[in-house]
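# Structural overview
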Amino acid sequence: NFAVGDPADPSLLHWTHGNDPDATSPKNTLVISTGSEPLQNGFFDDGICYVFSTDRLYRIEPTFGAVSTFLARQTQCTKGLWAPWAFCVLPDGGGVCFLAKDGLYISRGGGDAQPISTPDLQILFPQDGSVAEEIRGIFPVDMTQQDFLRLSFVASTLRCASSGCAWMRARR
């Protein structure tokens, strides 16, 4: 089991003992990013472990007996996760959909982030003091409510919710 989000050191990845998931050790940590690039959350996709920071996606690989149990490699995905729960893993190794600071993206196998929100919808993702607006009946994202931003994938439909209100659906 892996964990991120330590307020004392937001750049650390923690893990439990392999045969005892209720126990850990101070040695079971790995510095992945800088303090200015906090880790947001992680996931498994197609048997591979990944962790998002606010700026990029990292692949976590076992080292099989080296000094550290795991190592982190930057992937080609240079978009980070805006909010800790604003992502979902697609079925059958389909990749991960996630909310970055400037829209919705998909990355497959740690590859480049491909936008899934079109440029005309950018006004839904306010940043740098811009004002969000409703477009075609789609409500804007309250980017300040990070605890309430969620993505889910159900019945071939990606759903994004902000502050308890579903606002966008996109077919796969």
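Rules used throughout
Residues numbered from 1 in each chain as written. Predicted model: local features only at pLDDT ≥ 70, side-chain atom pairs only at ≥ 80, totals over all residues. Heavy atoms only, no water. Helix = DSSP H or I, 4+ residues; strand = E, 2+ residues; numbered from the N terminus. Rg over C-alpha atoms; globule rule 2.2 N^0.38 Å. Buried < 20%, exposed > 50% of the residue type's maximum accessible area, 1.4 Å probe, protein only. Contact = heavy atoms within 4.5 Å. Areas by Shrake-Rupley, 256 points an atom, 1.4 Å probe, with all protein chains shown as cover. Pairing = 2+ DSSP bridges. pLDDT = per-residue confidence, 0-100. Axes fitted to C-alpha atoms, helices over the stretch in contact; angles between N-to-C directions. Core = buried A, V, L, I, M, F, W, Y, C linked by side-chain atoms within 4.5 Å. Salt bridge = Lys/Arg side-chain N within 4 Å of Asp/Glu carboxyl O.

Along the backbone of the chain there are 0 helices and 14 strands. Secondary structure of the chain in N-to-C order comes out as β-β-β-β-β-β-β-β-β-β-β-β-β-β. Relative to the globule expectation of 16 Å for 172 residues, the C-alpha radius of gyration of the chain, 17 Å, shows essentially globular dimensions. Overall, the chain is about 55 × 35 × 30 Å in size when its C-alpha atoms are taken along their principal axes. Each of the 172 residues in the chain was classed as buried or not, and the buried ones make up 40%. Here the contacts in the chain between residues at least 6 apart in sequence split such that 36% fall between residues at least 24 apart. Accessible surface computed for the chain: about 9,500 Å², of which carbon and sulfur atoms make up 52%.

Taken together, the 3 strands give an open sheet; going across it, the order is β1-β2-β3, and neighbouring strands pair in antiparallel fashion. Edge positions in the sheet fall to β1 (2–3) and β3 (20–31), since each of these pairs with one other strand and no more. Bridge analysis of strand β2 (residues 12–17) against β3 gives 5 bridges, and the strand direction is antiparallel. Each bridged residue has a counterpart across the sheet, and for Leu-13 the counterpart in β3 is Leu-30.

The subject of this paragraph is the confidence of the model for the chain. Confidence in the prediction of the chain, expressed as mean pLDDT, is 85, and 93% of residues score 70 or more. No element of the chain has a lower mean pLDDT than strand β14 (residues 165–171), at 50, and none a higher one than strand β5 (residues 48–53), at 96.

Along the chain, Pro-38 turns up in the loop between β3 and β4 (39–45). We classify Pro-38 as partly exposed; its relative accessible area is 23%. Once you skip the residues sitting within four places of it in the chain, Pro-38 turns out to touch Pro-10, Ser-53 and Thr-54.

A few words on the sheet that holds β4. An order of β4-β5-β6-β7 is seen for the 4 strands of this open sheet, with the pairing classed as antiparallel. Here the strands that pair on one side only, and so sit at the sheet edges, are β4 and β7 (70–74). Sheet twist, expressed as the mean angle between neighbouring strand axes with direction ignored, is 30 degrees.

On to the nonpolar core. Ranked by size, the top nonpolar core spans 31 residues in total, and within it Phe-43, Phe-52, Cys-97, Phe-98, Leu-99, Phe-125 and Leu-151 carry the most contacts. For this core, the secondary structure elements donating two or more residues are β5, β8 (87–89), β9 (96–100), β10 (103–107) and β13 (157–162). The element best represented in this core is β9, accounting for 5 residues. Those residues in contact with Leu-151 that lie beyond four places of it in its chain are Trp-85, Ala-86, Phe-87, Cys-88, Cys-97, Phe-98, Leu-99, Leu-104, Leu-158, Arg-159 and Cys-160. The next biggest cluster of nonpolar side chains, apart from the first, holds 10 residues, and it includes Leu-13, Leu-39, Cys-49 and Phe-70.

Scanning the entire structure with this criterion turns up 4 salt bridges. Close ionic contact of Glu-61 with Arg-59 constitutes a salt bridge, the shortest N to O distance being 3.2 Å. With a relative accessible area of 29%, Arg-59 lands in the partly exposed category. Here Asp-102 ties to Lys-79 by a salt bridge, and the two come within 2.8 Å at their closest N and O atoms. With Asp-102 in the loop between β9 and β10 and Lys-79 in the loop between β7 and β8, this pair connects stretches of sequence that are 23 residues apart. The class of Asp-102 is buried, set by a relative accessible area of 15%. Via salt bridges that share partners, Arg-59, Glu-61 and Arg-73 belong to a single interconnected network.

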